[in-house]
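Structural features, examined
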Amino acid sequence: MVKAVEIRQFGGPDGLAVLDVPAPAPAAGQVLIGTEAIGVAGADVVIRSGALASYGFTEGHIPGSEVAGTVTALGDGVDPAWLGQRVWAFTGTGGGYVEQAIASAEAIVALPPGLSAVDSVTLGSSGVVAHFGLSHAHFAPGESVLVRGAAGSIGIMTVQLAAMRGAGSVAVTTSSPERGARLRALGATQVLDRSGEGGTGYDVIIDVVAGADLPTFFDRLTPNGRMVVVGAIAGQPPAEFGTKLMASFQKSMSFATFSAATAPAAEQHAVRTEQFEAAARGELQPVVHELLPLEQAVLAHRKMDDGEVFGRIVLTPR
Ligand SMILES: NC(=O)c1ccc[n+]([C@@H]2O[C@H](COP(=O)([O-])OP(=O)(O)OC[C@H]3O[C@@H](n4cnc5c(N)ncnc54)[C@H](OP(=O)(O)O)[C@@H]3O)[C@@H](O)[C@H]2O)c1
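Please read these numbers as outputs of a predicted model, since none were measured by experiment. Just so you know, the residues in each chain are numbered from 1, in the order the chain's sequence is written. In keeping with the model being predicted, local features are shown solely for residues with a pLDDT of at least 70 and side-chain atom pairs are shown and tallied solely at 80 or more, while totals for entire chains, interfaces and linings include all residues. Where side-chain values are given, they derive from all heavy atoms of the structure, hydrogens and water being excluded.

The parallel open sheet is built from six strands, whose spatial order is β10-β9-β8-β11-β12-β13. A single partner strand is all that each edge strand has here, and the edge strands are β10 (190-192) and β13 (254-257). On average, each strand axis in the sheet is inclined to that of its neighbour by 15°, with strand direction left out of account. Pairing between strands requires that DSSP locate at least two bridges from one strand to the other. Helix and strand definitions here come from DSSP, where helices need a minimum of 4 consecutive H or I residues and strands a minimum of 2 consecutive E residues; each element is numbered from the N-terminal end. Only the stretch in contact is used when fitting a helix axis, every axis being a line fitted to C-alpha atoms; angles between N-to-C directions are given from 0 to 180 degrees.

Our next topic: helix α8 (residues 297-305). Residues of α8 that are buried include every one of Ala297, Ala300, His301 and Lys303, and no others. Buried residues of α8, seen end-on, are gathered within an arc of 155° and therefore sit on one face of the element. In what follows, a contact means two residues having at least one pair of non-hydrogen atoms within 4.5 Å. In this structure, the buried residues of α8 make contact with β1 (2-7), β2 (16-21), β3 (30-40), α1 (42-49), β14 (288-293) and β15 (312-316). Phi turns positive, to about 70°, at glycine 307, one or two residues after α8. Note on classification: 1.4 Å probe, protein chains only; a residue is buried when its accessible area is under 20% of the maximum for its type, exposed when over 50%, partly exposed between these limits. Relevant arc is that of directions from the helix axis to the C-beta atoms, nothing else.

Around the ligand there are 21 residues in total, and Thr174, Ser175, Arg194, Val230 and Ala260 lie nearest to it. Interatomic distance of 2.6 Å between a side-chain N/O atom of threonine 174 and an oxygen atom of the ligand. Within 3.5 Å is the distance limit for a polar contact, defined as a pair of N or O atoms, with the added protein rule that one can donate a hydrogen and the other accept it, and that residues adjacent in sequence qualify only through two side-chain atoms. Residue valine 230 places a main-chain N or O atom 2.8 Å away from a nitrogen atom belonging to the ligand. We get accessible surface area from the Shrake-Rupley algorithm with a probe of 1.4 Å; when it comes to residues, only the shown protein chains can shield them. Alone, the ligand offers 930 Å² of accessible surface; in the complex the protein occludes 77% of this. Residue classes follow a fixed rule: Ala, Val, Leu, Ile, Met, Phe, Trp, Tyr, Cys and Pro count as nonpolar, while Asp, Glu, Lys and Arg count as charged, and any other residue, Gly among them, counts as polar. Along the lines of polarity and charge, the residues of the shell around the ligand split into 12 nonpolar, seven polar and two charged. One heavy atom suffices: a residue is near a molecule or strand as soon as one of its heavy atoms comes within 4 Å of it.

In the contact formed by α1 and α8, the axes pass within 10 Å of each other and the chain directions differ by 100°. The orientation of α1 with respect to α8, classified from their angle, is roughly perpendicular. On the side of α1, the interface is formed by Gly42, Asp44, Val45 and Arg48, while α8 contributes His301, Met304 and Asp305. With respect to orientation, any angle under 35 degrees is reported as roughly parallel, any angle over 145 as roughly antiparallel, any angle of 65 to 115 as roughly perpendicular, and every other angle as oblique.

Per the UniProt entry, the sites bearing "domain: Enoyl reductase (ER)" (unreviewed entry) are residues 11-315 in this numbering. End-to-end, the C-alpha atoms of residues 11-315 are 21 Å apart, and along that stretch the chain is 26% helix and 27% strand. UniProt positions are given in the numbering used here, feature names are shortened, and annotations may be inferred rather than shown by experiment.

Moving on, we come to the domain arrangement of the protein. Split into domains, the protein comes out as domain 1 (2-110 + 287-316) and domain 2 (126-261). A separation of 29 Å is found between the C-alpha centroids of domain 1 and domain 2. On the domain 2 side, the residues contacting the seven residues of domain 1 number seven residues. The buried area of a pairing is the accessible area, by a 1.4 Å probe, that goes missing from both parts when the two are put together, added over both. With both chains or domains summed, domain 1 and domain 2 bury close to 660 Å², and 56% of this area falls on carbon and sulfur atoms. For every domain, the bounds stem from an assignment made automatically or drawn from a database.

This part is about the pairing of strand β12 (residues 221-229). When you tally the buried positions in β12, you get seven out of nine residues, the bulk of the element. In this structure, β12 lies alongside β13, joined through four bridges in parallel fashion. Paired with valine 228 across the strands is alanine 256, a residue of β13. Throughout, right-handed denotes a crossover for which the path from the first strand over the helix to the second runs clockwise when the strands point away from the viewer. Following the chain from β12 across helix α6 (residues 241-247) to the adjacent parallel β13, one finds a crossover that is right-handed.

Right, let's talk about helix α4 (residues 153-164) for a bit. Counting along an α-helix, one turn takes 3.6 residues, and residues three or four places apart therefore face a common direction. Its 12 residues give α4 an end-to-end C-alpha distance of 17 Å, which sits within 8% of 16 Å, the value for a rise of 1.5 Å per residue. If you check which residues of α4 are buried, you get Ser153, Ile154, Gly155, Ile156, Met157, Thr158, Val159, Gln160, Leu161 and Ala162. Glycine 166 sits one or two residues past α4 and shows a positive phi near 85°. How far a helix is expected to stretch is found by multiplying one less than its residue total by 1.5 Å.

Written out as C-alpha coordinates, the structure is:
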(Lines give C-alpha, C1' and ligand atoms only; values in the text may rest on other atoms or scores of the structure.)
Protein backbone atom coordinates (compact mmCIF):
# COMPACT_ATOMS: atom_id res chain seq x y z
CA MET A 1 0.00 0.00 0.00
CA VAL A 2 1.10 3.60 -0.60
CA LYS A 3 -0.07 6.93 0.84
CA ALA A 4 -2.28 9.06 -1.39
CA VAL A 5 -4.49 12.13 -1.02
CA GLU A 6 -7.93 12.09 -2.62
CA ILE A 7 -10.83 14.51 -2.87
CA ARG A 8 -13.27 12.84 -0.48
CA GLN A 9 -15.77 15.69 -0.81
CA PHE A 10 -15.89 18.69 -3.17
CA GLY A 11 -15.66 22.09 -1.45
CA GLY A 12 -13.06 23.33 1.03
CA PRO A 13 -9.59 21.92 1.82
CA ASP A 14 -11.02 19.68 4.57
CA GLY A 15 -12.62 17.63 1.82
CA LEU A 16 -9.16 16.18 1.09
CA ALA A 17 -8.37 12.85 2.79
CA VAL A 18 -5.10 10.96 3.26
CA LEU A 19 -5.50 7.25 2.67
CA ASP A 20 -3.61 4.07 1.79
CA VAL A 21 -4.16 2.77 -1.72
CA PRO A 22 -2.73 -0.31 -3.45
CA ALA A 23 0.65 0.40 -5.08
CA PRO A 24 -0.10 1.01 -8.77
CA ALA A 25 1.49 -1.06 -11.53
CA PRO A 26 2.56 0.60 -14.79
CA ALA A 27 0.71 -0.50 -17.93
CA ALA A 28 2.38 -0.74 -21.35
CA GLY A 29 4.15 2.51 -22.19
CA GLN A 30 4.05 3.76 -18.59
CA VAL A 31 6.56 4.14 -15.75
CA LEU A 32 6.16 4.02 -11.98
CA ILE A 33 7.83 6.86 -10.08
CA GLY A 34 8.73 6.90 -6.39
CA THR A 35 7.80 10.53 -5.76
CA GLU A 36 10.13 12.94 -3.94
CA ALA A 37 8.31 16.14 -4.86
CA ILE A 38 4.73 16.92 -5.91
CA GLY A 39 3.69 20.36 -7.18
CA VAL A 40 0.50 21.93 -5.78
CA ALA A 41 -1.10 23.86 -8.63
CA GLY A 42 -3.94 26.35 -8.85
CA ALA A 43 -5.77 23.83 -11.04
CA ASP A 44 -5.71 21.24 -8.20
CA VAL A 45 -7.55 23.73 -6.00
CA VAL A 46 -10.16 24.45 -8.65
CA ILE A 47 -10.75 20.71 -9.17
CA ARG A 48 -11.05 20.20 -5.38
CA SER A 49 -13.69 22.93 -5.16
CA GLY A 50 -15.94 20.96 -7.52
CA ALA A 51 -16.06 23.78 -10.08
CA LEU A 52 -14.92 21.38 -12.80
CA ALA A 53 -17.35 18.56 -11.97
CA SER A 54 -19.04 19.09 -15.35
CA TYR A 55 -15.67 18.29 -17.00
CA GLY A 56 -15.76 14.76 -15.56
CA PHE A 57 -13.89 15.29 -12.27
CA THR A 58 -15.57 13.27 -9.52
CA GLU A 59 -15.15 12.86 -5.77
CA GLY A 60 -12.52 10.16 -5.24
CA HIS A 61 -10.20 11.94 -7.68
CA ILE A 62 -6.51 12.10 -6.69
CA PRO A 63 -5.30 15.61 -7.61
CA GLY A 64 -1.84 16.65 -8.81
CA SER A 65 -0.38 16.64 -12.28
CA GLU A 66 3.31 17.29 -11.73
CA VAL A 67 5.72 15.03 -9.78
CA ALA A 68 9.42 14.25 -9.66
CA GLY A 69 11.33 11.29 -8.29
CA THR A 70 12.96 8.03 -9.32
CA VAL A 71 11.64 5.55 -11.89
CA THR A 72 11.13 2.29 -9.98
CA ALA A 73 9.25 0.09 -12.49
CA LEU A 74 8.51 0.00 -16.22
CA GLY A 75 5.53 -1.13 -18.26
CA ASP A 76 5.97 -3.16 -21.44
CA GLY A 77 7.72 -1.39 -24.27
CA VAL A 78 9.47 1.25 -22.17
CA ASP A 79 13.20 1.79 -22.72
CA PRO A 80 14.96 -0.07 -19.84
CA ALA A 81 17.43 2.83 -19.58
CA TRP A 82 14.74 4.78 -17.65
CA LEU A 83 14.88 2.38 -14.68
CA GLY A 84 16.53 4.12 -11.72
CA GLN A 85 16.60 7.53 -13.46
CA ARG A 86 15.52 10.68 -11.65
CA VAL A 87 12.78 12.33 -13.65
CA TRP A 88 10.12 15.04 -13.74
CA ALA A 89 6.71 13.78 -14.92
CA PHE A 90 3.33 15.08 -16.01
CA THR A 91 0.77 12.62 -14.63
CA GLY A 92 -2.19 14.01 -16.59
CA THR A 93 -5.20 15.73 -15.02
CA GLY A 94 -4.60 13.98 -11.68
CA GLY A 95 -2.89 11.11 -9.91
CA GLY A 96 0.02 13.15 -8.55
CA TYR A 97 -0.64 13.35 -4.78
CA VAL A 98 0.72 9.87 -4.10
CA GLU A 99 3.93 8.16 -2.95
CA GLN A 100 4.17 6.18 -6.20
CA ALA A 101 2.78 7.80 -9.31
CA ILE A 102 2.12 6.51 -12.81
CA ALA A 103 3.10 8.53 -15.89
CA SER A 104 3.36 7.88 -19.60
CA ALA A 105 7.00 7.34 -20.62
CA GLU A 106 6.38 10.11 -23.18
CA ALA A 107 5.57 12.57 -20.38
CA ILE A 108 8.80 12.26 -18.42
CA VAL A 109 11.97 14.33 -18.61
CA ALA A 110 15.30 13.34 -17.04
CA LEU A 111 16.45 15.75 -14.32
CA PRO A 112 19.78 17.28 -15.29
CA PRO A 113 22.57 17.23 -12.68
CA GLY A 114 22.15 20.25 -10.43
CA LEU A 115 18.34 20.45 -10.58
CA SER A 116 16.46 19.10 -7.56
CA ALA A 117 13.16 17.24 -7.75
CA VAL A 118 11.58 20.07 -5.73
CA ASP A 119 12.78 22.77 -8.11
CA SER A 120 11.67 20.79 -11.16
CA VAL A 121 8.03 20.69 -10.03
CA THR A 122 7.96 24.45 -9.53
CA LEU A 123 8.77 25.13 -13.17
CA GLY A 124 8.04 21.98 -15.19
CA SER A 125 4.49 22.98 -16.13
CA SER A 126 4.51 26.71 -15.49
CA GLY A 127 7.67 27.36 -17.51
CA VAL A 128 6.14 25.80 -20.58
CA VAL A 129 2.96 27.88 -20.25
CA ALA A 130 5.09 31.03 -19.82
CA HIS A 131 7.21 30.18 -22.87
CA PHE A 132 4.29 29.45 -25.19
CA GLY A 133 2.24 32.33 -23.78
CA LEU A 134 4.98 34.76 -24.84
CA SER A 135 5.41 33.15 -28.27
CA HIS A 136 1.63 33.10 -28.78
CA ALA A 137 1.77 36.87 -28.13
CA HIS A 138 4.55 37.22 -30.77
CA PHE A 139 6.71 38.87 -28.11
CA ALA A 140 9.90 40.42 -29.51
CA PRO A 141 12.97 41.79 -27.68
CA GLY A 142 12.63 45.44 -26.74
CA GLU A 143 8.86 45.25 -26.26
CA SER A 144 7.05 46.24 -23.08
CA VAL A 145 5.31 43.40 -21.25
CA LEU A 146 2.70 43.36 -18.47
CA VAL A 147 2.21 40.15 -16.49
CA ARG A 148 -1.16 40.13 -14.71
CA GLY A 149 -1.22 37.73 -11.72
CA ALA A 150 2.58 37.65 -11.63
CA ALA A 151 3.02 36.16 -8.13
CA GLY A 152 1.94 32.64 -9.13
CA SER A 153 4.19 30.04 -10.66
CA ILE A 154 3.19 30.90 -14.26
CA GLY A 155 3.60 34.63 -13.68
CA ILE A 156 6.99 34.24 -12.01
CA MET A 157 8.28 32.24 -14.97
CA THR A 158 6.80 34.74 -17.46
CA VAL A 159 8.54 37.64 -15.72
CA GLN A 160 11.87 35.83 -15.79
CA LEU A 161 11.58 34.70 -19.42
CA ALA A 162 10.50 38.13 -20.66
CA ALA A 163 13.46 39.75 -18.87
CA MET A 164 15.90 37.09 -20.14
CA ARG A 165 14.69 37.60 -23.69
CA GLY A 166 15.35 41.31 -23.65
CA ALA A 167 11.98 42.87 -22.88
CA GLY A 168 12.21 46.68 -22.88
CA SER A 169 10.27 46.65 -19.60
CA VAL A 170 8.39 44.09 -17.50
CA ALA A 171 5.42 45.35 -15.48
CA VAL A 172 3.53 43.16 -13.01
CA THR A 173 0.28 43.28 -11.06
CA THR A 174 0.42 41.99 -7.51
CA SER A 175 -1.36 42.55 -4.19
CA SER A 176 1.45 43.90 -1.97
CA PRO A 177 4.66 45.93 -2.11
CA GLU A 178 6.54 42.98 -0.57
CA ARG A 179 5.54 40.75 -3.44
CA GLY A 180 6.39 43.56 -5.82
CA ALA A 181 9.91 43.71 -4.39
CA ARG A 182 10.34 39.97 -4.86
CA LEU A 183 9.13 40.26 -8.45
CA ARG A 184 11.57 43.11 -9.09
CA ALA A 185 14.38 40.80 -7.93
CA LEU A 186 13.23 38.33 -10.61
CA GLY A 187 13.23 40.90 -13.42
CA ALA A 188 10.15 43.13 -13.05
CA THR A 189 10.77 46.83 -13.69
CA GLN A 190 7.33 48.25 -12.76
CA VAL A 191 4.95 47.10 -9.99
CA LEU A 192 1.21 47.82 -10.14
CA ASP A 193 -1.60 46.82 -7.82
CA ARG A 194 -4.16 44.26 -8.98
CA SER A 195 -6.22 46.95 -10.78
CA GLY A 196 -3.26 47.86 -12.98
CA GLU A 197 -3.97 51.53 -12.15
CA GLY A 198 -1.28 53.81 -13.61
CA GLY A 199 0.05 51.25 -16.06
CA THR A 200 -0.34 51.79 -19.80
CA GLY A 201 1.39 51.35 -23.16
CA TYR A 202 2.16 47.62 -23.13
CA ASP A 203 2.95 45.77 -26.36
CA VAL A 204 2.13 42.44 -24.70
CA ILE A 205 -0.09 41.49 -21.76
CA ILE A 206 0.11 37.95 -20.40
CA ASP A 207 -2.93 37.44 -18.16
CA VAL A 208 -3.27 34.63 -15.62
CA VAL A 209 -6.31 36.19 -13.92
CA ALA A 210 -9.20 36.96 -16.39
CA GLY A 211 -12.35 37.74 -14.31
CA ALA A 212 -14.45 40.88 -14.12
CA ASP A 213 -11.56 43.32 -14.64
CA LEU A 214 -10.17 41.68 -17.78
CA PRO A 215 -11.66 44.21 -20.28
CA THR A 216 -10.17 47.18 -18.39
CA PHE A 217 -6.74 45.90 -19.42
CA PHE A 218 -7.51 46.30 -23.16
CA ASP A 219 -6.98 50.05 -22.57
CA ARG A 220 -3.45 49.39 -21.34
CA LEU A 221 -2.25 47.96 -24.68
CA THR A 222 -0.38 49.92 -27.35
CA PRO A 223 -1.80 50.04 -30.90
CA ASN A 224 -1.12 46.58 -32.38
CA GLY A 225 -0.76 45.27 -28.81
CA ARG A 226 -1.42 41.62 -27.99
CA MET A 227 -3.13 40.13 -24.96
CA VAL A 228 -2.90 36.41 -24.24
CA VAL A 229 -4.98 34.88 -21.43
CA VAL A 230 -3.27 31.79 -19.99
CA GLY A 231 -5.34 31.34 -16.81
CA ALA A 232 -8.62 32.39 -15.18
CA ILE A 233 -7.95 32.55 -11.45
CA ALA A 234 -10.68 35.18 -11.05
CA GLY A 235 -13.17 33.32 -13.26
CA GLN A 236 -14.99 34.41 -16.38
CA PRO A 237 -14.95 37.96 -17.82
CA PRO A 238 -18.21 39.96 -17.70
CA ALA A 239 -20.90 39.71 -20.35
CA GLU A 240 -19.88 43.03 -21.97
CA PHE A 241 -16.46 41.55 -22.75
CA GLY A 242 -17.20 41.34 -26.50
CA THR A 243 -18.52 44.90 -26.67
CA LYS A 244 -15.42 46.22 -24.96
CA LEU A 245 -13.20 44.18 -27.28
CA MET A 246 -14.88 45.72 -30.33
CA ALA A 247 -14.56 49.20 -28.78
CA SER A 248 -10.78 48.68 -29.08
CA PHE A 249 -11.16 48.14 -32.85
CA GLN A 250 -9.17 51.24 -33.80
CA LYS A 251 -6.14 49.93 -31.91
CA SER A 252 -5.82 46.78 -34.07
CA MET A 253 -5.31 44.84 -30.88
CA SER A 254 -5.13 41.04 -30.75
CA PHE A 255 -6.77 38.93 -28.09
CA ALA A 256 -5.94 35.26 -27.70
CA THR A 257 -5.98 32.42 -25.20
CA PHE A 258 -3.31 29.81 -24.78
CA SER A 259 -3.62 26.30 -23.34
CA ALA A 260 -0.63 23.97 -23.10
CA ALA A 261 -2.98 21.20 -24.29
CA THR A 262 -2.54 22.60 -27.82
CA ALA A 263 1.27 22.72 -27.80
CA PRO A 264 2.82 19.70 -29.54
CA ALA A 265 4.29 17.25 -27.01
CA ALA A 266 7.70 17.21 -28.70
CA GLU A 267 7.94 21.01 -28.52
CA GLN A 268 6.91 21.02 -24.86
CA HIS A 269 9.54 18.38 -24.16
CA ALA A 270 12.25 20.44 -25.86
CA VAL A 271 11.29 23.65 -24.05
CA ARG A 272 11.10 21.90 -20.67
CA THR A 273 14.49 20.24 -21.17
CA GLU A 274 16.04 23.59 -22.07
CA GLN A 275 14.44 25.31 -19.07
CA PHE A 276 15.58 22.56 -16.67
CA GLU A 277 19.13 23.03 -17.92
CA ALA A 278 18.84 26.81 -17.56
CA ALA A 279 17.60 26.36 -13.97
CA ALA A 280 20.44 23.93 -13.22
CA ARG A 281 22.89 26.61 -14.46
CA GLY A 282 21.18 29.18 -12.20
CA GLU A 283 19.80 31.24 -15.11
CA LEU A 284 16.17 30.60 -14.15
CA GLN A 285 15.03 30.69 -10.53
CA PRO A 286 12.39 28.21 -9.40
CA VAL A 287 10.46 29.86 -6.54
CA VAL A 288 9.35 27.43 -3.84
CA HIS A 289 6.92 28.96 -1.36
CA GLU A 290 7.10 26.09 1.15
CA LEU A 291 7.73 22.36 1.46
CA LEU A 292 5.04 20.36 3.25
CA PRO A 293 4.69 16.62 3.85
CA LEU A 294 2.20 14.86 1.54
CA GLU A 295 0.01 14.20 4.59
CA GLN A 296 -0.42 17.99 4.98
CA ALA A 297 -2.12 18.50 1.63
CA VAL A 298 -5.10 20.05 3.48
CA LEU A 299 -2.82 22.75 4.91
CA ALA A 300 -1.27 23.31 1.48
CA HIS A 301 -4.71 23.86 -0.06
CA ARG A 302 -5.74 26.14 2.81
CA LYS A 303 -2.71 28.31 2.12
CA MET A 304 -3.60 28.36 -1.58
CA ASP A 305 -7.19 29.38 -0.74
CA ASP A 306 -5.93 32.11 1.60
CA GLY A 307 -3.85 33.64 -1.23
CA GLU A 308 -0.64 33.54 0.78
CA VAL A 309 1.40 31.51 -1.71
CA PHE A 310 4.18 33.21 -3.72
CA GLY A 311 5.48 30.68 -6.24
CA ARG A 312 4.66 27.05 -5.54
CA ILE A 313 3.97 24.81 -2.55
CA VAL A 314 5.65 21.44 -2.96
CA LEU A 315 4.50 18.27 -1.16
CA THR A 316 7.25 15.86 -0.12
CA PRO A 317 6.19 12.25 0.46
CA ARG A 318 9.39 11.09 2.14
N1 LIG B 1 -2.72 27.84 -20.06
C2 LIG B 1 -2.37 26.66 -19.57
O3 LIG B 1 -2.00 25.74 -20.29
C4 LIG B 1 -2.44 26.47 -18.09
C5 LIG B 1 -1.71 25.43 -17.48
C6 LIG B 1 -1.79 25.31 -16.09
C7 LIG B 1 -2.60 26.18 -15.34
N8 LIG B 1 -3.31 27.14 -15.98
C9 LIG B 1 -4.17 28.08 -15.25
O10 LIG B 1 -3.34 29.04 -14.60
C11 LIG B 1 -4.00 29.49 -13.42
C12 LIG B 1 -3.09 29.27 -12.22
O13 LIG B 1 -1.83 29.88 -12.44
P14 LIG B 1 -0.78 30.11 -11.24
O15 LIG B 1 -0.63 28.81 -10.52
O16 LIG B 1 0.39 30.77 -11.79
O17 LIG B 1 -1.59 31.15 -10.40
P18 LIG B 1 -1.92 31.27 -8.86
O19 LIG B 1 -0.72 30.98 -8.06
O20 LIG B 1 -3.18 30.52 -8.55
O21 LIG B 1 -2.26 32.86 -8.81
C22 LIG B 1 -1.37 33.81 -9.32
C23 LIG B 1 -1.56 35.12 -8.61
O24 LIG B 1 -2.70 35.83 -9.09
C25 LIG B 1 -3.11 36.77 -8.09
N26 LIG B 1 -4.56 36.68 -7.92
C27 LIG B 1 -5.25 35.70 -7.32
N28 LIG B 1 -6.57 35.97 -7.36
C29 LIG B 1 -6.70 37.15 -7.99
C30 LIG B 1 -7.81 37.97 -8.33
N31 LIG B 1 -9.08 37.63 -7.99
N32 LIG B 1 -7.57 39.11 -9.01
C33 LIG B 1 -6.32 39.48 -9.34
N34 LIG B 1 -5.23 38.75 -9.04
C35 LIG B 1 -5.42 37.61 -8.37
C36 LIG B 1 -2.37 36.38 -6.81
O37 LIG B 1 -1.26 37.24 -6.63
P38 LIG B 1 -1.39 38.62 -5.83
O39 LIG B 1 -2.07 38.31 -4.53
O40 LIG B 1 0.03 39.04 -5.67
O41 LIG B 1 -2.19 39.54 -6.70
C42 LIG B 1 -1.81 35.00 -7.13
O43 LIG B 1 -0.61 34.72 -6.44
C44 LIG B 1 -5.29 28.70 -13.30
O45 LIG B 1 -6.35 29.49 -13.86
C46 LIG B 1 -5.00 27.47 -14.16
O47 LIG B 1 -6.18 26.88 -14.65
C48 LIG B 1 -3.22 27.31 -17.33
